[in-house]
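# Structural features, examined
This is what each chain is made of:
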Amino acid sequence: MKNRWIALYVENDVGVLAKVSGLFSGKSYNLQSLTVGTTEDETVSRMTICVASDDITFEQIKKQLNRMVEVIKVIDLTNVPLHMKEILFAKVLRCTTADKEEVFQIAQVFDVQVADIGKDSVLLECKLTERRNNELIALLRSKFRHIEIVRGGAVAIESISTSCR
Amino acid sequence: MDITGRKLFVRALQEEGVDTIFGYPGGMVTDVMDELYKQQDIRLVLPRHEQALIHEAEGYAKSTGKVGVCLVTSGPGATNTITGLADAHYDNIPLVCFTGQVPLGLIGNDAFQEVDIVGMTRSITKYGVTVRSRRELGKIIKMAFHIARTGKPGPVLVDLPKDIQLMPGDAHYPQSVSIRGYKPNEGVHVGQLKKAYKLIKSAQRPLILAGGGVLLGNAQEELRRLAETMRIPVVTTVMGKGALPSGHPYYIGNSGMHGRYAANIAVSECDVLFSIGTRFNDRITGDLNEFAPKAKIVHIDIDTAAISRNVVVDVPIVADAKLALEKLNEWAEPKNTKRWLEEIRALDKENPLEMRRDKGMTPQMVMEGINAAFDRGIITTDVGQHQMWATQYIELNEHKKFITSGGLGTMGFGFPAAVGAKIANPDQPVVCITGDGGFQMNMQEMATAIAEDAPVIVCLLNNQYLGMVRQMQQLFYGKRYEATCLRRRTTCPPNCKGPNGACPPYLPDFMQFAKAYGAHGIRVERETEIAAALAEAKSYTDAPTVIEFLISSDELVLPMVQGGNPMSKMILK
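Residue numbers run consecutively from 1 along every chain, following the written order of its sequence. Written order decides the labels, with chains lettered from A and ligands numbered from 1. Given that the model is predicted, a residue must reach a pLDDT of at least 70 before its local features are reported, and side-chain atom pairs must reach 80 or more before they are shown or counted; all residues, however, enter totals for whole chains, interfaces and linings. Each side-chain value is derived from all of the structure's non-hydrogen atoms; neither hydrogens nor water enter the calculation.

## Comments concerning the overall build of chain B
Check the secondary structure of chain B and you find 23 helices and 20 strands. Here the globule rule reads 2.2 Å times residues to the power 0.38, and the radius of gyration is calculated from C-alpha atoms. Its C-alpha atoms give chain B a radius of gyration of 24 Å, near enough to 25 Å, the size a compact globule of 573 residues would have. Looking at chain B residue by residue over its 573 residues, the buried ones come to 60%. Here the analysis covers contacts within chain B between residues at least 6 apart in sequence; of these, 75% occur between residues at least 24 apart. Of the accessible surface of chain B, which amounts to about 22,700 Å², a share of 50% is contributed by carbon and sulfur atoms. When charges are counted, neither His nor the chain ends are considered; positive counts come from Lys and Arg and negative counts from Asp and Glu. A charged residue contributes its charge at one atom only: NZ of Lys, CZ of Arg, CG of Asp or CD of Glu. Counting 62 positive and 62 negative side-chain charges, chain B places the averaged centre of each group 5 Å from the other. Secondary structure elements follow DSSP: runs of H or I of four or more residues count as helices, runs of E of two or more count as strands, with numbering from the N terminus. Relative accessible area decides the class of each residue, using a 1.4 Å probe on protein chains only: under 20% of the type maximum gives buried, over 50% gives exposed, and in between gives partly exposed. In this description, contact between two residues means that some pair of their heavy atoms is separated by no more than 4.5 Å. Surface accessibility in these figures is a Shrake-Rupley result with a 1.4 Å probe; residues are shielded only by whichever protein chains are displayed.

If you want it as structure tokens, here you go:
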């Protein structure tokens, strides 16, 4: 079992997301994350999908996706150079002044933006790789008791000349 | 000039060459029904239940190769089709099912008879869509027929909101449609096929495993040629039965859970397994680790997703069965397989398919009677013991078709499927082999059969039990016959272990049932009456006939492989 990535071009129609996600639940595939949005062609949406599976199951997933009428193209991103980022909001609550100081330092080290601030809370807006986001969450957890996390799932595009995942 | 959606609907069907619709009315389809009233090209068949409606369309489609067209109303009309659609999906039967829907503006309001039928059937249709604008109606109907009949066929559902049916719009029905995400496989990879051919050529003990794809692809003739030229024995799956005439010298029999002993051993012993049009269902493979353990496997299927899913194969080939076999036939050269064929014949002699002949009527005798009575026609089955006996003992040739519910195993399938097949083939004898359990699941269709002048012959094997499950209880559950005795009533003792002489009478009386509908009824209790009963049934062309064969309750389907065991480990007696 390892994480694998798929870019999926689908018809931008009602029910397509339900159909794709239904395949994963119906056949017990282990869906890790799925993001979707329209592309430069507004009739087409592109999904970035992460699944945890073995080789045989992954082959099967790609075939099953491919045979859906609404699926236009399946691209296996697992071993492709690409740029992949995930948006994440992290709110640290009930901060003392010292806590805030520390959040700022962490923000600086992770190169993320402080998007909002209040009397005793700070909001970080992160656009990092998924792994880096995991590390950030782990760090915040170890330092602060009251945090709130919202993650968007990864979005990926194939590289031109450099890559980052 | 603009026309209403309902008018375009009928025009589309006419342009698709539809001659029969299986339809059940309701609030959300009254408009298209009204439009059908005004024309004479398309016959509307009124079943008595929407599940049976789909099975009738399946029988129609399987017996003609045409798309079966269904029309039901929203809500319960639509949900009643679900079992049938799943059945068609599993067995790759081309259907287009139109469901009425509440007007667009009411969708989502929990309106009367509103259900999200597209959502409910997403995993059991090849494609499903709600028509959301009148402009798209023609294109969507065209797509539906195209998707249903091409590639690996299957059911397509088109949900028609009431207001779309009434809305005026474009009168044009497109002649073709291009779908960017749907390009069925049309060619065949010659390089892979060459690899496959080399493998078969070098084999000492080659075996062909033919599935339903051979029949769907109309490749029986090509398969026969390949087997004959290269002298390769053939086994079939349940759905592949008929791919080679059952009397053919190279035909061994069905393989799988209730397959023929020699067929299963041949799969275990072969060194090259040439499989075509099968998805290696668990009923065929048994324990996957011990499936065809000595063989290199070639797998040809039109569906990419069927390949290397259950069984990892050595030479995968995505292709239409007919195309691939035609190409192989160009290269095929005779092989010496004499010893291998003799070995298989010896296995068959060792454990032939044979039931006792010493006391009373057996299912085998009924099947032999049917074989003798019909040398052409269509045979449908329901699901259960009688179905397995039929797959074991019914003989098929080029003029006989066999229609059964293989993948989903839907009780209630056989009788309506026969009615649908008879409607499509009035000149052919249509025989439904069924059991007393499955027949009761859709026997209301007797009204349809009478009304639509579809005089089918129902061969009902009555063993007074849900026999397939009873068999499992008998063999694996200490004869605890929970919920399988169809004579059981509240007055029976709680821990009944089988008939004891004081059992309540069987219900219903199928002879009275036949009479109630104006059908013929014949009851057969002894093997000596079989031939005469079938001859009598054949003579009735005015109405269906129910022949009830009273068979023993404890008759088993043998041989059998217990689920999860290797196919070579068969229970023979």
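## Some details on the pairing of strand S7 (residues 155–161) of chain B
Residues and elements named next belong to chain B. Most of S7 is tucked away: 7 of the 7 residues are buried. The alternating pattern of S7 places Pro 155, Leu 157, Asp 159 and Pro 161 and Val 156, Val 158 and Leu 160 on opposite faces, both of which are buried. Any two strands are treated as partners once DSSP identifies two or more bridges connecting them. By the bridge criterion, 7 bridges tie strand S5 (residues 95–101) to S7 in an arrangement that is parallel. Opposite Gly 100, over in S7, you have Leu 160 as the bridge partner. Pairing analysis gives 4 bridges linking strand S6 (residues 127–130) to S7, with the strands arranged parallel. Note that in S7 the partner of Thr 130 across the bridge is Asp 159. The handedness of a crossover follows from its direction of travel: if, with the strands pointing away from the viewer, the path from the first strand over the helix to the second runs clockwise, the crossover is right-handed. You can see the chain leave S6, run along helix H7 (residues 137–149) and come back into S7, and the turn it takes is right-handed.

## Some words on the sheet that holds strand S13 (residues 296–301) of chain B
Hydrogen bonds between backbone atoms are what pair the strands of a sheet, whose relative direction is either parallel or antiparallel. All names here are of chain B. Spatial strand order, S11-S10-S9-S12-S13-S14: 6 strands in an open sheet with parallel pairing. Two strands lie at the open edges of the sheet, namely strand S11 (251–254) and strand S14 (315–318), each paired on one side alone. On average, adjacent strands in this sheet sit at an angle of 15° to one another, irrespective of strand direction. Both S13 and S14 contribute to a ladder of 4 bridges, which runs parallel. From the neighbouring strand, Asp 301 faces S14, where its bridge partner is Val 318. Helix axes are fitted only over the stretch in contact, all axes being lines through C-alpha atoms; the angle between N-to-C directions runs from 0 to 180 degrees.

## A closer look at the sheet that holds strand S7 (residues 122–128) of chain A
Residue and element names in this part refer to chain A. Taken together, the 4 strands give an open sheet; going across it, the order is S6-S7-S5-S8, and neighbouring strands pair in antiparallel fashion. For this open sheet the edge positions go to strand S6 (113–117) and strand S8 (147–158), each flanked by a neighbour on one side alone. Each strand axis lies, on average, 15° off the axis of its neighbour in the sheet, ignoring direction. Here 4 bridges tie S6 to S7, and the two strands are oriented antiparallel to one another. Considered in S7, the bridge of Gln 113 is made with Glu 125. Sitting on the sheet, helix H3 (residues 97–110) touches strand S5 (82–92), S6 and S7, and the angle it makes with S7 is about 10°.

## Section: a nonpolar patch on the surface
All names here are of chain A. Residues Ile 87, Phe 89 and Val 150 make up a contiguous nonpolar surface patch of about 250 Å² in total accessible area. Tracing the chain through its elements places Val 150 in strand S8. Judged by relative accessible area, which is 48%, Val 150 ranks as partly exposed. Like charges within 9 Å and nonpolar side chains (Val, Leu, Ile, Met, Phe, Trp, Tyr) within 5 Å are joined into patches, using only residues over 30% in relative accessible area that form no salt bridge. We count a salt bridge whenever a side-chain nitrogen from Lys or Arg sits within 4 Å of a carboxyl oxygen from Asp or Glu.

## So, the domain arrangement of chain B
All names here are of chain B. Delimitation of the domains relies on an automatic or database domain assignment. As far as domains go, chain B holds domain 1 (3–169), domain 2 (190–350) and domain 3 (363–464 + 506–550). Between the C-alpha centres of domain 1 and domain 2 the distance comes to 37 Å. Opposite the 7 residues of domain 1 that make contact, domain 2 presents 6 residues. A quick way to say it: buried area is the sum, across both parts, of accessible area lost when two parts are put together, with a 1.4 Å probe. Of the roughly 630 Å² buried between domain 1 and domain 2, counting both surfaces, carbon and sulfur atoms make up 57%. For the pair domain 1 and domain 2, the interface holds 1 salt bridge. Residues Lys 152 and Asp 303 are paired through a salt bridge, measuring 3.3 Å at the closest nitrogen-oxygen approach. Under this definition, polar contacts are N or O atom pairs within 3.5 Å; protein pairs additionally need one hydrogen-donor-capable and one acceptor-capable atom, and for neighbouring residues in sequence, both atoms have to be side-chain atoms. Inspection of the region where domain 1 meets domain 2 yields 2 residue pairs in polar contact (both at pLDDT 80 or more). Each residue is assigned to one class: nonpolar for Ala, Val, Leu, Ile, Met, Phe, Trp, Tyr, Cys and Pro, charged for Asp, Glu, Lys and Arg, and polar for all the others, Gly among them. Partitioned by chemical class, the residues of the side of domain 1 that touches domain 2 number 2 nonpolar, 2 polar and 3 charged.

## Some points on the interface of chain A and chain B
Contacts between chain A and chain B engage 19 residues on the former and 17 residues on the latter. Roughly 1,500 Å² of surface becomes buried between chain A and chain B when both sides are summed, with 51% attributable to carbon and sulfur atoms. Where chain A touches chain B, the interface holds 3 salt bridges. Residues Arg180(B) and Asp41(A) are paired through a salt bridge, measuring 3.8 Å at the closest nitrogen-oxygen approach.

## Looking at helix H4 (residues 130–143) of chain A
All names here are of chain A. In this scheme, a helix's expected span is set at 1.5 Å multiplied by one less than its residue total. Relative to the 20 Å expected for 14 residues at 1.5 Å per residue, H4 spans 20 Å between its end C-alpha atoms, a close match to the ideal helical length. Taken as a whole, H4 has its buried residues at Asn 133, Leu 136, Ile 137 and Leu 140. Relative to the axis of H4, the buried residues are bounded by an arc of 100° and lie together on one face. Along H4, exposed side chains directed more than 90 degrees from the buried face belong to Arg 131 and Ser 142. As used here, the arc belongs to the directions running from the helix axis to the C-beta atoms.

## Here's the deal with the packing of helix H16 (residues 363–373) of chain B against helix H23 (residues 530–539) of chain B
All names here are of chain B. Where H16 meets H23, the axes come as close as 9 Å, and the angle between the chain directions of the two elements is 45°. With respect to each other, H16 and H23 are oriented oblique. Considering the relative orientation of H16 and H23, their crossing is right-handed. Taking contact as the criterion, the partners of Met 365, Val 366, Gly 369, Ile 370 and Ala 373 in H16 are, on H23, Ile 530, Leu 534 and Lys 538. Split by residue class, the contact of H16 with H23 holds 6 nonpolar, 1 polar and 1 charged. What sets the label is the angle itself: under 35 degrees gives roughly parallel, over 145 gives roughly antiparallel, 65 to 115 gives roughly perpendicular, and the rest give oblique. Two helices cross in a left-handed way if the nearer one is turned anticlockwise from the farther one by less than a right angle. They cross in a right-handed way if the turn is clockwise.

## Details of the pattern of salt bridges
Scanning all chains against the criterion turns up 39 salt bridges over all chains. As a salt-bridge pair, Lys19(A) and Glu70(A) come within 3.5 Å of each other at their nearest N and O atoms. With Lys19(A) in helix H1 (residues 16–26) and Glu70(A) in the loop between helix H2 (55–66) and strand S4 (71–76), this residue pair connects regions lying 51 residues apart in the sequence. Classification of Lys19(A) as buried rests on a relative accessible area of 11%. Connected via shared salt-bridge partners are Arg6(B), Lys7(B), Asp31(B), Asp34(B), Glu35(B), Lys38(B) and Lys162(B).

## A closer look at the packing of aromatic side chains
What counts as a ring pair is set by centres within 6.5 Å for rings of Phe, Tyr and Trp (its six-membered ring), and what kind of pair is set by the plane angle: stacked under 30 degrees, edge-to-face over 60, tilted for all other angles. Evaluation of the coordinates by the stated rule reveals 11 aromatic pairs over all chains. Centre to centre, the rings of Phe9(B) and Phe98(B) are 4.8 Å apart; their planes meet at 80°, and the pair counts as edge-to-face. Here Phe98(B) lies in strand S5 and Phe9(B) lies in helix H1 (residues 5–15), a separation of 89 residues in the sequence. The two residues Phe9(B) and Phe98(B) agree in class, both being buried. Taken together, Phe415(B), Phe439(B), Tyr506(B), Phe510(B), Phe513(B) and Tyr517(B) form an aromatic cluster joined through their ring pairs. Charges are assigned to positions over rings by a cutoff of 6 Å between ring centre and Lys NZ or Arg CZ, combined with an angular limit of 35 degrees from the ring normal. Taking the ring centre of Phe110(A) as reference, the NZ or CZ of Arg132(A) above it sits at 4.3 Å. The ring of Tyr481(B) is capped by Arg470(B), whose NZ or CZ atom sits 4.2 Å from the centre of that ring.

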